[in-house]
Each structure stands twice: as structure tokens, then as C-alpha cells.
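Remarks on the overall topology
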Amino acid sequence: MKAAQLIAHGAPGKIELREIPDPQPRTDEVIVQVAACGLNRLDLWLEEAGLPIRILLPRTPGGEVAGRVAAVGANVQNWKTGDPVAVQSNIFCGECEFCKRDEESQCLSGELLGVVRDGGFAEKVLVPQRALVRLPAGLDFEASAALTLAGSTAMHMLTDRAQVRAGDWVLVIGASSGVGSAAIQIAKQLGARVISTGSTEVKRELAGKLGADFAVDSSKPAWPVEVRRLTNKRGVDLVVEHVGGDVLPKCFECLARGGTIVTCGATAGRDISFNLWPFFVKQQRLIGSYGRNRKDLAATLEWAAAGKLKPVIDSTFPLTETASAFVKLRSREVLGKVLVRVS
Ligand SMILES: [Zn+2]
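The following refers to the structure shown. This one's a predicted model, so the numbers in the text were calculated from it and none came from an experiment. (Residues numbered from 1 in each chain as written. Predicted model: local features only at pLDDT ≥ 70, side-chain atom pairs only at ≥ 80, totals over all residues. Heavy atoms only, no water.)

Topic: the side chain of threonine 263
The test is simple: The helix count covers DSSP runs of H or I at least four residues long, the strand count covers runs of E at least two residues long, and both are numbered beginning at the N terminus. Polar contacts, as counted here, are pairs of nitrogen or oxygen atoms within 3.5 Å of one another; within protein the pair requires one atom able to donate a hydrogen and one able to accept it, and residues that are adjacent in sequence qualify only if both atoms are side-chain atoms. Two residues qualify as a contact provided that any one of their heavy atoms is within 4.5 Å of a heavy atom in the partner residue.
By secondary structure assignment, the location of threonine 263 is in strand S14 (residues 255–263). At 2.9 Å, the side chain of threonine 263 forms a polar contact with the side chain of glutamate 241. Here threonine 263 is in contact with Met157, Glu241, His242, Leu286, Ile287, Gly288 and Ser289, once residues within four sequence places are set aside.

What follows is the structure in C-alpha cells.
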């Protein structure tokens, strides 16, 4: 089969379309014929050797897979050839204390698809059957590939790690990102008043189209002042954050008493400092969020099929141009998701 493989780290690294042997399913494994696979920051971190994990090359990146079951192992009962599926990209063991209570995102021996095992920028991908989620009727592969990872990350943040009450003020950082574009829509569906951020006019317009009530210009250093003004100096109840670096301390400036920041990323930097005095006086919370549980992924796809959550797709590349898709995502001028269409 054909696979776009990372053969040397760098920014850009060296990604080549290679002919490699077809994967073969063991007893509880499934081969998925990939239809489409979304790109994420995780793929860029892999490319740049920026993950705190030892990576063996060559590696096929790609964790946001949608496609059809192409072959099943001897013990696979619930899936058959042709079934349309999405893949839970944090492949979990199914046996540890966290998996046993359906918190697969906390799995003690989780494996990231496309990082520590070969992912979806290939004609076929091999996964354990427990990683599959059935695509609901009416949801196409590209919509699924645009929401499976980033959309379900947002769903996990807003409905599992944190909660939204109708009428809450929610600040969503980065309207044009995969997580941000989904989080705006999810927060609005839950009845929140939503403020988002964008560094350009086009990104702020996108925030409005997705339902945000306000969009502030994050290229201005004092943007938190604008968030406080919009909320009558009160601040927001919840911040959905995925950037880290100097953005996270600014989110505290936007936060109301009793408010919560939920964060799932650190693109702009992993080490931060913030003032603990207002944090405990105002009884605020900072919550980490990582990946998703299968129920978050199922909910994301159901919402998408019901028209409650729309994918935002910036561009789609054929498998032969996977390296160009990486360049596009790195340009940071993307509005929504970059996808690779495989078949
Ligand atoms: Zn586990």
C-alpha cells in the first residue's frame, strides 16, 4: 500500500510517499481503508521531534481517521467489511482502572495513533477493534475526519472536564483552530454567551459565522481588557484554552470569580507563570484536558450528523501531497482543518 511517511525530523521534515507492505490484522484488530485523515498540531510536533516521546522513523503520521472497515481479525464480532468508522486516536488498553470506568483518555498505557504507531496518511491503517466508533448515517468521511480529533477534544473539554450552564460567558481562544471552531459551536448549543479571539479580520469573521456573540482582536496585547469590557468588567465563567505560553496568563485576566480555565495544549509554550493571589482569592480553577473518551467522540459525530456541529475545512490535499498539507498547517494562515483525502 501507499503511505506518506516521515523519514527525517525537521521543520519541515522529510515526508515521502512510500510503498510499504499491507498491515495484517491479529485476532482483535481491524484494518481500516482510509478515506480521509485530518492534520493536527500533533503531526507538526511529531515532524519537528517536539514531543517528549522517543519516535522511531519511518513513521506514518495522522491520527484523525475516517474510512471503511477493510478486514477484521478472527475474534472481531461487531465489525464487518464496509462499515463506515472513525478511529479513537488515543488508542487505549481497555483494561486499566481508568479504561474500566470509560475514561479512556486517562489510560495508563495509551498509544497515540500516528505517533507511536502508524497512522492515517496511508491507504490502510491497523487499529484494535475497541478504537472504532461507527459513523452515524448521513455523515461523510471528510466531515468526520475534520471533527474526530479536534472536535471531540472540544467536546471533552466542554461537557466532561468542565461544564457549561445556559447563560454562562464562555471565552474560546482561537476561533480558526480545529478545537476553537468546534468549541464555539458546542458552547452556543449549550446556551452560553460566547466570546472568541482571532488575530485577523477573516478569523474574527469566522468566529461570528460559527455563532460567537463577540470576537476580540488577539493581535492587540491588551485584548483581555476588551473581554472584561464586553462582560461589564465581570469576566467569563469558562475559558477554553489550547495555546499555552503567554496566552494562558492572559486568560486569568479574563476570568470571573469562581471561573474555570480548561486547557488542552501548549503550542506557544509549556512553561508559564501566573499570580496565585487572585487565583485563590477568586476561587478559580485551572483544569487540564487530554484527548477524549469514546463517548465524547460518539457525541461529536452524532451532533455533526444532526447538523448541530459543522466542520470547518480550510483545504484538502491528496495523499501524494501530504507534505504540502503539513506546510499549509505550519503557515498558521489556515481557517479550520487541513485534510488529506486518501480514497
Ligand atoms: Zn487503559
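Description of the environment of glutamate 321
Inspection of the secondary structure puts glutamate 321 in the loop between strand S16 (313–318) and helix H11 (322–330). Sequence-wise, glutamate 321 and arginine 341 are 20 residues apart; in three dimensions their C-alpha atoms are separated by 9.7 Å.

Side note on the nonpolar core
In summary, soluble globular proteins display a tendency toward joint burial of nonpolar side chains. Note the cut-off: Buried Ala, Val, Leu, Ile, Met, Phe, Trp, Tyr and Cys residues form a nonpolar core when they are joined through side-chain atoms within 4.5 Å. Exposed residues in this analysis have more than 50% of their type's maximum accessible area, buried residues have under 20%, and partly exposed residues fall in between, with area computed by a 1.4 Å probe over protein chains only.
Residues Val170, Ile184, Ile186, Leu238 and Val240 are the most contacted members of the largest nonpolar core, which totals 38 residues. Elements with a minimum of two residues in this core: helix H3 (141–147), helix H4 (150–161), strand S10 (169–172), helix H5 (178–189), helix H6 (201–209), strand S13 (236–241) and helix H10 (294–305). The dominant element in this core, judged by the number of residues it contributes, is H5, at six residues. If you look at the next biggest cluster of nonpolar residues, it comprises 37 residues, including Trp45, Val85, Val125 and Leu319.

Considering the coordination of the zinc ion
Threshold: Nitrogen, oxygen and sulfur within 2.8 Å of a metal are treated as its donors, or within 3.2 Å for sodium, potassium and calcium (Na, K, Ca); water is not counted, so a site can appear incomplete. Any site counts as irregular unless it has four donors with all angles between 85 and 135 degrees, making it tetrahedral, or four or six donors with opposite ones more than 155 degrees apart and the rest between 65 and 115, making it square planar or octahedral.
Only Cys93 (SG), Cys96 (SG), Cys99 (SG) and Cys107 (SG) from the protein reach the zinc ion as donors, at distances of 2.3 to 2.4 Å. Because the angles between the four donor atoms bound to the zinc ion fall within 102 to 119°, the donor set is best described as tetrahedral. Here the donor residues of the zinc ion share one chain and are spaced in sequence as C-x2-C-x2-C-x7-C. In this structure, cysteine 99 and cysteine 107 share a single accessibility class: buried.

Notes on the packing of H4 against H10
The angle between the axes and the distance between the axes are what describe a pair of packed helices. Selection criterion: Think of each axis as a best-fit line through the C-alpha atoms, taken over the contacting stretch in the case of a helix, with angles from 0 to 180 degrees between the N-to-C directions. Here roughly perpendicular refers to angles of 65 to 115 degrees, roughly parallel to angles under 35, roughly antiparallel to angles over 145, and oblique to all remaining angles. Under the scheme applied, nonpolar residues are Ala, Val, Leu, Ile, Met, Phe, Trp, Tyr, Cys and Pro; charged residues are Asp, Glu, Lys and Arg; polar residues are all the others, including Gly.
Contact geometry of H4 with H10 gives a least axis separation of 8 Å together with a crossing angle of 110°. Here H4 lies roughly perpendicular to H10, going by the angle between them. The segment H4 lies against H10, with Gly151, Ser152, Met155, His156, Thr159 and Asp160 engaging Lys295, Asp296, Leu297, Ala299, Thr300 and Trp303. Considering only residue class, the contact of H4 with H10 consists of four nonpolar, five polar and three charged.

Side note on the pattern of salt bridges
Pairing between side chains of opposite charge can happen when the charged atoms of each approach one another. For the record, the criterion: Salt bridge, as used here: a side-chain nitrogen of Lys or Arg that lies within 4 Å of a carboxyl oxygen of Asp or Glu.
Enumeration according to the criterion identifies 25 salt bridges in this entry. Close ionic contact of glutamate 201 with arginine 204 constitutes a salt bridge, the shortest N to O distance being 3.4 Å. Residue glutamate 201 and its partner arginine 204 are located together in helix H6, separated by three residues, close to a single helical turn. The network of salt bridges with common partners includes Glu47, Glu48 and Arg330.

Description of the pairing of strand S11 (residues 193–198)
Quick note on the threshold: Pairing between strands is defined by DSSP: at least two bridges between them are needed. Orient the strands so they point away from the viewer; a crossover is then right-handed if the path from the first strand over the helix to the second runs clockwise.
With five of six residues buried, S11 lies mostly within the body of the structure. Bridge count between S10 and S11: four bridges; the pairing is parallel. Bridge assignment links valine 170 to a residue of S11, and that residue is valine 194. Of the strand pairs in this sheet, S11 and strand S12 (residues 214–217) are connected by four bridges, and their pairing is parallel. By the bridge assignment, serine 196 is partnered in S12 with alanine 215. Remark: the S11/H6/S12 crossover connection has right-handed handedness.

Quick look at helix H7 (residues 223–230)
Because an α-helix packs 3.6 residues into every turn, residues spaced three or four apart end up facing the same way. Put simply, the rule reads: This arc is taken over the directions from the axis of the helix to the C-beta atoms.
The complete set of buried residues in H7 reads Trp223, Pro224, Val227 and Leu230. Along H7, the residues classed as buried sweep out an arc of 115° about the axis, all on the same side. Away from the buried face of H7 by more than 90 degrees, exposed residues Val225 and Arg229 are located. Against the buried residues of H7 lie S10, S11, S12, S13 and helix H8 (247–253).

Quick word on unusual backbone geometry
Proline 12 follows alanine 11 through a cis peptide bond whose omega is 5°. Relative to the helices and strands, proline 12 is located in the loop between strand S1 (2–8) and strand S2 (14–19). The omega torsion across leucine 57 and proline 58 is 0°, close enough to zero to call that bond cis. With respect to the helices and strands, the residue proline 58 is situated in the loop between helix H1 (41–48) and strand S4 (64–72). You will see that aspartate 102, though not glycine, has its phi angle at about 60°, which is positive. A positive phi is found at glutamine 283, a non-glycine position, where the angle reads about 50°. For glutamine 283, the location among the structural elements is in the loop between helix H9 (276–281) and strand S15 (285–288).

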